[in-house]
Amino acid sequence: MTTRTPAATDKITVREATIDLLRRLDMTTVFGNPGSTELPFLNNWPRDFRYILGLQEASVVAMADGYARATGRAAFCNLHSAGGIGHALGSVFTAFRNQAPLVISAGQQARSLLPMQPFLGATEAANFPQPYVKWSCEPARAEDVPMALAHAYHIAMQRPCGPTFVSIPMDDWSAETYPAAARVVSRDTAPDPDLLAALARALGRSERPVLVIGPEVDSEGAGETAVALAERLCAPVWVSPFSSNVGFPEEHPLFAGFLPAAPGAVSASLSPHDLVVVLGAPVFTFHVAGDCALFRSDTPLFQITTDGEAAAAAPIGTGIVGSLRLALPAIMALLPARNRVAPSQRPLREIPLARDPIPAEYLMHMISATMPAGAIIVEEAPSHRPAMHEHLPIRGFGQFYTMASGGLGYGLPAAVGVALAKPEQRVICIMGDGSLMYSIQALWTAAQHRLPISIVVANNGGYGAMRSFSRALNVEAPPGIDLPGIDSVQIAAGFGCAASRVRDAASLEAALIEAWRVNGPVLIDVPVDRAVATLY
């Protein structure tokens, strides 16, 4: 099919101008769940676009989030009016924390009806998703819709990336306007050269520097430079708490481990060092209260991030706001020659024993031992994250995604988005049985598109993380933690997804190998032992 780019002087409909804009911005994959107020936009859908239908709006936004993060490009969502935005708000919050570039649109009732509080009308639609979108608006005039969408796109793509929102009355699509101008807007900000020089001098003086690396390094494509910096410094590398991307290759000899989201543990891990350098992460993300003695010490700390708010919120240190893609090579060029003793390596992992019921550690070990080279892990199994960290090392950048918000329901639809972005790679989605139920309708989309996703359910019969926190907080017998009577295999089959259950360790290896080979999505339910993990 051939498409004609309209001339800047041509008057065309708002819909035609929007389709032309989306095409030029490479947003021809549209994630949506349609309603009446969106139908004028969907009329005569162009053949060079693909519409990815999700069965619930929270899943739609999470799919777009995974797709945007895996491609590095903004993804376009089309949701149904205020009710659809309400359904999706949890995923909008997660996309904001994930720094996922999204342009979210939603239908609005016809302008002529808005003064009369109509059905499906929203009186303050642009304010509804605030403050968890970077920018939002409902254009004052119909003819301003394409420019508003272009505005939303450029803000979504500026670092730190994130979601934006445009509310569009349904009768705007047929109004006349001019095409939106093609523009180039830079995404990166350059870090302060004087502060980079100060950091280089501090690194030159340091005898025992340590790096803490977060998700921005991977999302900016600066991973290999970060590895080169760590090797040049001969410094151990910790991954920041709750990193939603790969922080550092986990089989590299300088990899020190994952910082827990607990103040005392962070302080204990970093206090032996005379300089702390945080790259692409907050200082620090905590999940439990406590005392971080590091904040009262005289240990210097430098932070480089694109997130000015994170830099402002840091309790200590020198914040350098700017692109890591620009900052890291500049630091490398300023570093003086130094010889340091290599830090001791992490002890070798003990291979877990096979037994029944299957330990979560053994499940993670077998995933690691059998998974195809280049497979991508998408994870949402909070109670099994320590087992994953210990026994499922992520070997390269771009091979791991999880959510930074703490809100469940992200993993499965995000895996759909990642698989749509990377159809040549196997996506392994590791889910807890509790997490799975938040967005299980995403299985339908995976099945409809025959996506190469293997969903491994680490099934401990409930909310395992809550069991762990109950123990840590001395809470006795809280309700609502166990989940009896759920059969994920039958549910998956009902969505058209191949599924099976593995009950014994002797059958696990063969089942996983087969799951990596299936042409399309497959779910493997693995009942694991109910050992209560220590999260912090």
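Residues numbered from 1 in each chain as written. Predicted model: local features only at pLDDT ≥ 70, side-chain atom pairs only at ≥ 80, totals over all residues. Heavy atoms only, no water.

When you go through the protein chain residue by residue, the secondary structure sums to 19 helices and 20 strands. Over its C-alpha trace the protein chain gives a radius of gyration of 24 Å, about what one expects of a compact globule, namely 24 Å for 536 residues. The burial tally for the protein chain puts 57% of its 536 residues in the buried class. Taking the contacts inside the protein chain whose residues are at least 6 apart along the sequence as the reference set, 77% of them involve residues at least 24 apart. If you sum the accessible surface of the protein chain, you get close to 21900 Å²; carbon and sulfur atoms cover 54% of it. Across the protein chain, the 38 positively charged side chains and the 47 negatively charged ones have centroids separated by 4 Å. (Helix = DSSP H or I, 4+ residues; strand = E, 2+ residues; numbered from the N terminus. Rg over C-alpha atoms; globule rule 2.2 N^0.38 Å. Buried < 20%, exposed > 50% of the residue type's maximum accessible area, 1.4 Å probe, protein only. Contact = heavy atoms within 4.5 Å. Areas by Shrake-Rupley, 256 points an atom, 1.4 Å probe, with all protein chains shown as cover. Lys, Arg positive; Asp, Glu negative; His and termini not counted. Charge placed at Lys NZ, Arg CZ, Asp CG, Glu CD.)

On to the pairing of strand 2 (residues 29-32), then. Both faces of strand 2 are covered, namely the face carrying Thr29 and Phe31 and the face carrying Val30 and Gly32. By the bridge criterion, four bridges tie strand 2 to strand 3 (residues 50-53) in an arrangement that is parallel. When the bridges of strand 3 are listed, phenylalanine 31 appears paired with isoleucine 52. (Pairing = 2+ DSSP bridges.)

Of all five residues that make up strand 15 (residues 376-380), five are buried, and the element is covered over most of its length. Residues of strand 15 alternate between two faces, with Ile376, Val378 and Glu380 on one and Ile377 and Glu379 on the opposite face, all of them buried. As defined by bridge partners, strand 15 adjoins strand 17 (residues 427-432) across five bridges and the pair is classed as parallel. Among the inter-strand pairings, glutamate 380 is bridged to a residue of strand 17, identified as methionine 431. Inspection of the sheet shows strand 15 paired to strand 16 (residues 400-401) by two bridges, in the parallel sense.

Here we come to the UniProt feature "domain: Thiamine pyrophosphate enzyme central" (unreviewed entry) in the protein chain. With numbering aligned to this structure, UniProt lists the feature "domain: Thiamine pyrophosphate enzyme central" (unreviewed entry) at residues 197-330. For residues 197-330, the helix share is 34%, the strand share is 19%, and the end-to-end C-alpha distance is 9 Å. (UniProt positions renumbered as here; feature names shortened; annotations may be inferred.)

Scanning all chains against the criterion turns up 17 salt bridges. The partner of arginine 501 in a salt bridge is aspartate 487, with the nearest N and O atoms 2.9 Å apart. Here aspartate 487 lies in the loop between helix 17 (464-472) and helix 18 (488-494) and arginine 501 lies in strand 19 (residues 498-501), a separation of 14 residues in the sequence. The class of arginine 501 is partly exposed, set by a relative accessible area of 28%. Of the charged contacts in the structure, one is a salt bridge between arginine 501 and aspartate 525, with a shortest N-O distance of 3.1 Å. Pair noted here: arginine 501 is in strand 19 and aspartate 525 is in strand 20 (residues 522-527), with a separation of 24 residues, a long-range link. Counted as one network, the salt bridges with shared partners bring together Arg141, Glu143 and Asp144. (Salt bridge = Lys/Arg side-chain N within 4 Å of Asp/Glu carboxyl O.)

Looking now at helix 3 (residues 57-71). Every α-helix winds through 3.6 residues per turn, so residues three or four apart in the chain are directed the same way. For helix 3, built from 15 residues, the straight-helix expectation of 21 Å at 1.5 Å per residue is met to within 8% by its first-to-last C-alpha distance of 21 Å. Of all the 15 residues making up helix 3, 14 are buried; the element is thus mostly covered by neighbouring parts of the structure. Glycine 72, located one to two residues past helix 3, shows a positive phi value of around 80°. (Expected span 1.5 Å × (residues − 1).)

Right, let's talk about the UniProt feature "domain: Thiamine pyrophosphate enzyme TPP-binding" (unreviewed entry) in the protein chain for a bit. Here, UniProt's "domain: Thiamine pyrophosphate enzyme TPP-binding" (unreviewed entry) annotation points to residues 385-526. Helix makes up 39% of residues 385-526 and strand makes up 17%, while its end C-alpha atoms are separated by 16 Å.

With that settled, the discussion passes to the sheet that holds strand 16. An order of 16-15-17-18-20-19 is seen for the six strands of this open sheet, with the pairing classed as parallel. In the strand order of this sheet, the two ends are held by strand 16 and strand 19, each with one partner.

Right, let's talk about the domain arrangement of the protein chain for a bit. Entries for the protein chain in the domain assignment read domain 1 (12-177), domain 2 (193-334) and domain 3 (360-527). Put simply, the middle of domain 1 and the middle of domain 3, counted by C-alpha atoms, are 30 Å apart. Each partner contributes residues to the interface: domain 1 has 20 residues there, and domain 3 has 23 residues. Summing both sides of the interface, domain 1 and domain 3 together bury roughly 1700 Å²; the carbon and sulfur share of this comes to 67%. At the junction of domain 1 and domain 3, the tally comes to zero salt bridges. Inspection of the region where domain 1 meets domain 3 yields eight residue pairs in polar contact (both at pLDDT 80 or more). (Domains from an automatic or database assignment. Buried area = accessible area lost by both parts, 1.4 Å probe. Polar contact = N/O pair within 3.5 Å; in protein donor to acceptor, adjacent residues only side chain to side chain.)

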